[in-house]
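Here is what each chain is made of, one letter per residue.
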Amino acid sequence: HYIAQPSGMYPTYEEAKQIRQYLDRGGFLHVDDFWGLRQRAVVEEELDKIFPDRKPVKLDLKHEVFHTFFVVDQVMQIPNVSNGCNGGRTWESADETDPMIFGISDDNNRLMVIITYNSDLGDAWEWMDNPCYPEMYSGQAYRMGINFILYAMSH
């Protein structure tokens, strides 16, 4: 499953319980497109409903998810279409600008949730055919997305 702009996601405790059951049974969730400390705090608070016993951990590029099919050797900030097309800044919120990738794993180290923070892979997928959107962003977003999908299907 894929959630974009999760800072507006407010699952009830019953919904959080159902999401947790899905993930514990082998499901996979990609959380994408949220920016800055305020949105990060909201997302972490909502994820805490699903995983009161687990916290997101910043993933090292040595993690298998970055080598499932393509070798992803950098955490590139993927901008939204407006920022990508105007050639300016790639970040949206000045209070924390670095892109980061976090994960939540089960007891067997199977990644259940991947979190792409300060990045917008969805816009790169959606706008790859727009001549003004740089290919380097779409290419990286597709490599990461394909790795995420293959990891989810094989773990």
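This report concerns the structure included in the present document.

Definitions and cut-offs
- Residues numbered from 1 in each chain as written.
- Predicted model: local features only at pLDDT ≥ 70, side-chain atom pairs only at ≥ 80, totals over all residues.
- Heavy atoms only, no water.
- Core = buried A, V, L, I, M, F, W, Y, C linked by side-chain atoms within 4.5 Å.
- Buried < 20%, exposed > 50% of the residue type's maximum accessible area, 1.4 Å probe, protein only.
- Helix = DSSP H or I, 4+ residues; strand = E, 2+ residues; numbered from the N terminus.
- Contact = heavy atoms within 4.5 Å.
- Pairing = 2+ DSSP bridges.
- Axes fitted to C-alpha atoms, helices over the stretch in contact; angles between N-to-C directions.
- Phe/Tyr/Trp six-rings, centres within 6.5 Å; stacked < 30°, edge-to-face > 60°.
- Lys NZ or Arg CZ within 6 Å of the ring centre and 35° of its normal.
- Salt bridge = Lys/Arg side-chain N within 4 Å of Asp/Glu carboxyl O.

Details of the nonpolar core
In terms of nonpolar packing, the biggest core is built from 19 residues, with Leu-59, Val-65, Ile-78, Leu-111, Ile-114 and Phe-148 touching the most fellow members. No other element matches helix α5 (residues 135-154), which puts five residues into this core. Excluding anything up to four places from it in sequence, Ile-78 contacts Trp-35, Ser-119, Asp-120, Leu-121, Ala-124, Tyr-133, Tyr-137, Gln-140 and Ala-141. Residues Ala-16, Phe-51, Phe-102 and Ile-115 belong to the second largest nonpolar core, which totals 16 residues.

Things to note about the sheet that holds strand β2 (residues 29-32)
Overall, mixed pairing links the five strands, which are arranged β1-β2-β5-β4-β3 in an open sheet. Because the sheet does not close on itself, it has two edges, and the strands there are β1 (2-4) and β3 (57-58). Relative to β2, β1 runs parallel, the two sharing three bridges. Looking across to β2, one finds that Ala-4 is bridged to Asp-32. Its contacts with the sheet put helix α2 (residues 36-50) on β2, β4 (100-105) and β5 (111-117), and the angle it makes with β5 is roughly 165°. The strands touched by α5 within the sheet are β2, β4 and β5, with β5 carrying the most contacts at an inclination of about 165°.

Comments concerning the packing of aromatic side chains
Overall, the coordinates contain seven aromatic pairs when judged by the stated rule. Geometrically, the ring pair formed by Phe-28 and Tyr-151 is tilted, given 6.2 Å between the ring centres and 50° between the ring planes. In this pair, Phe-28 is assigned in the loop between α1 (13-24) and β2 and Tyr-151 in helix α5, connecting sequence segments 123 residues apart. Clustering of aromatic rings is evident, with ring pairs tying together Tyr-2, Trp-125 and Tyr-142. Geometry around Tyr-13 places Lys-49 over its ring, the cationic atom sitting 5.3 Å from the centre. A cation sits over an aromatic face here: Arg-89 above Trp-91, 4.5 Å from the ring centre.

A look at the environment of His-67
Within the secondary structure, His-67 is located in the loop between β3 and α3 (81-86). A C-alpha to C-alpha distance of 9.7 Å links His-67 and Phe-148, two positions 81 residues apart in sequence. In this view, His-67 contacts Leu-61, Lys-62, Val-72 and Asn-147; residues no more than four positions away in its chain are not counted.

Topic: the pattern of salt bridges
Between side chains of opposite charge, a pair can form as their charged atoms come close. Counted according to the given criterion, the structure contains nine salt bridges. Its salt-bridge partner being Asp-24, residue Arg-20 comes within 3.0 Å of it at the nearest N-O pair. Here Arg-20 pairs with Asp-24, and both are found in helix α1, just four residues apart, close to one helical turn. Using a relative accessible area of 16% as the deciding quantity, one classes Arg-20 as buried. The partly exposed category is assigned to Asp-24, whose relative accessible area is 45%. The closest approach of N and O atoms between Arg-20 and Asp-53, which form a salt bridge, is 2.7 Å. With Arg-20 in helix α1 and Asp-53 in the loop between α2 and β3, this residue pair connects regions lying 33 residues apart in the sequence.

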